[in-house]
Amino acid sequence: MSEPFSVRVTVRGYETDVQGHLNQAVYLNYAEHARWSLLQAAGITQSRLIAQGVGPVALETTIRYKRELLAGDEADVSCSFVWSGGKIFTMEQTITRADGTVAAELTGAGGLMDLKQRKLLPHPQDVFRDLATDPGLFGL
């Protein structure tokens, strides 16, 4: 199995809370940034998704905070998709400080929605495979 897709972010001062560490909600933004970066790297743009009448949806997210991130810290945000064969897939993400310390682990459930019917598609991995120029980034 290949390494998960990853993007580097730098914690900005305005993203921190009164204790000086990264605000809890910003972890979700970093995770979302990594997911969209993966889609783009695989050749799937937002406009291509809309043209196909589909859109990814987050159904559930769990965050386990491990170590704090401070303003100026650099961190890598990984993203990998796990396919179950049904309507719902799992996204596993880790936010790791540049020194290798795991700051947070995120697990999410997602799906791919038909934008007209407003229902989840039965096999989202097939749509991602068809739309992607590099489906290997999704483990497909």
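Basis of the calculations
Along each chain, the written sequence defines residue order, and numbers are assigned to residues from 1. pLDDT decides what is reported in this predicted model: residues at 70 or higher carry local features, side-chain atom pairs at 80 or more are listed and counted, and totals for whole chains, interfaces and linings draw on all residues regardless. Only heavy atoms go into the side-chain values, all of them from the structure, while hydrogens and water stay out. Numbering of helices and strands runs from the N terminus; a helix is a DSSP stretch of H or I covering at least four residues, while a strand is a stretch of E covering at least two. As defined in this context, the radius of gyration uses C-alpha atoms, and a globule is described by 2.2 Å times the residue total to the power 0.38. In this description, contact between two residues means that some pair of their heavy atoms is separated by no more than 4.5 Å. By the counting rule applied here, Lys and Arg register as positive and Asp and Glu as negative, while His and the ends of each chain are not counted. The location of each charge is read from NZ of Lys, CZ of Arg, CG of Asp or CD of Glu. Given a helix with a known number of residues, its expected span is that number minus one, times 1.5 Å. Classification of residues uses two cut-offs on accessible area relative to the type maximum, computed with a 1.4 Å probe and protein chains only: under 20% is buried, over 50% is exposed, and between them is partly exposed. The term polar contact refers here to a pair of N or O atoms within 3.5 Å; inside protein, the definition further demands a hydrogen-donor-capable atom paired with an acceptor-capable atom, and it admits residues adjacent in sequence only when both atoms are side-chain atoms. Any two of the Phe, Tyr and Trp rings considered here, Trp counted by its six-membered ring, make a pair once their centres fall within 6.5 Å; the pair's planes then place it as stacked at under 30 degrees, edge-to-face at over 60, or tilted in between.

Colleague: How should I be thinking about the overall build of the chain in this particular structure?
Modeller: Looking only at helices and strands, the chain has three helices and six strands in total. Reading the chain from its N terminus to its C terminus gives the helix and strand order β-α-α-β-β-β-β-β-α. Computed over the C-alpha atoms, the radius of gyration of the chain is 16 Å, within 12% of the 14 Å expected from 2.2 N^0.38 for a compact globule of 140 residues. Viewed in the frame of its principal axes, the chain has a C-alpha envelope of about 45 × 30 × 25 Å. For the chain, the proportion of contacts with a sequence separation of at least 24, taken over those separated by at least 6, is 64%. Measuring between centres, the 13 positive side-chain charges of the chain sit 7 Å from its 16 negative side-chain charges.

Colleague: What am I meant to see in helix α1 (residues 24-41) here?
Modeller: Because an α-helix packs 3.6 residues into every turn, residues spaced three or four apart end up facing the same way. With 18 residues, α1 should reach 26 Å at 1.5 Å per residue; the first-to-last C-alpha distance of 27 Å fits that figure. Every buried residue of α1 is accounted for by Val26, Tyr27, Tyr30, Ala31, Ala34, Arg35, Ser37, Leu38 and Leu39. Packing partners of the buried residues in α1 comprise β1 (5-10), β2 (54-65), β3 (74-83), β4 (89-97), β5 (102-114) and α3 (124-131). The opening residue of α1 is Asn23, an N-cap whose side-chain oxygen sits 2.8 Å from the backbone nitrogen of Ala25. Positive phi appears at Gly43, one or two residues downstream of α1, with a value of about 95°.

Colleague: Hey, could you run me through the packing of aromatic side chains in this one?
Modeller: What characterises a pair of aromatic rings is the spacing of the ring centres plus the angle enclosed by the ring planes. Counted by the stated rule, this structure contains nine aromatic pairs. Taken together, a centroid distance of 5.2 Å and an interplanar angle of 85° make the contact between Phe81 and Phe138 edge-to-face. One end of the pair, Phe81, is in strand β3; the other, Phe138, is in the segment after α3, with 57 residues separating them in the sequence. Exposure class is identical for Phe81 and Phe138. Each is buried. Through a chain of ring-to-ring contacts, the aromatic side chains of Phe81, Trp83, Phe89, Phe128 and Phe138 assemble into a single cluster.

Functional significance is not addressed by these values, which are geometric in nature.
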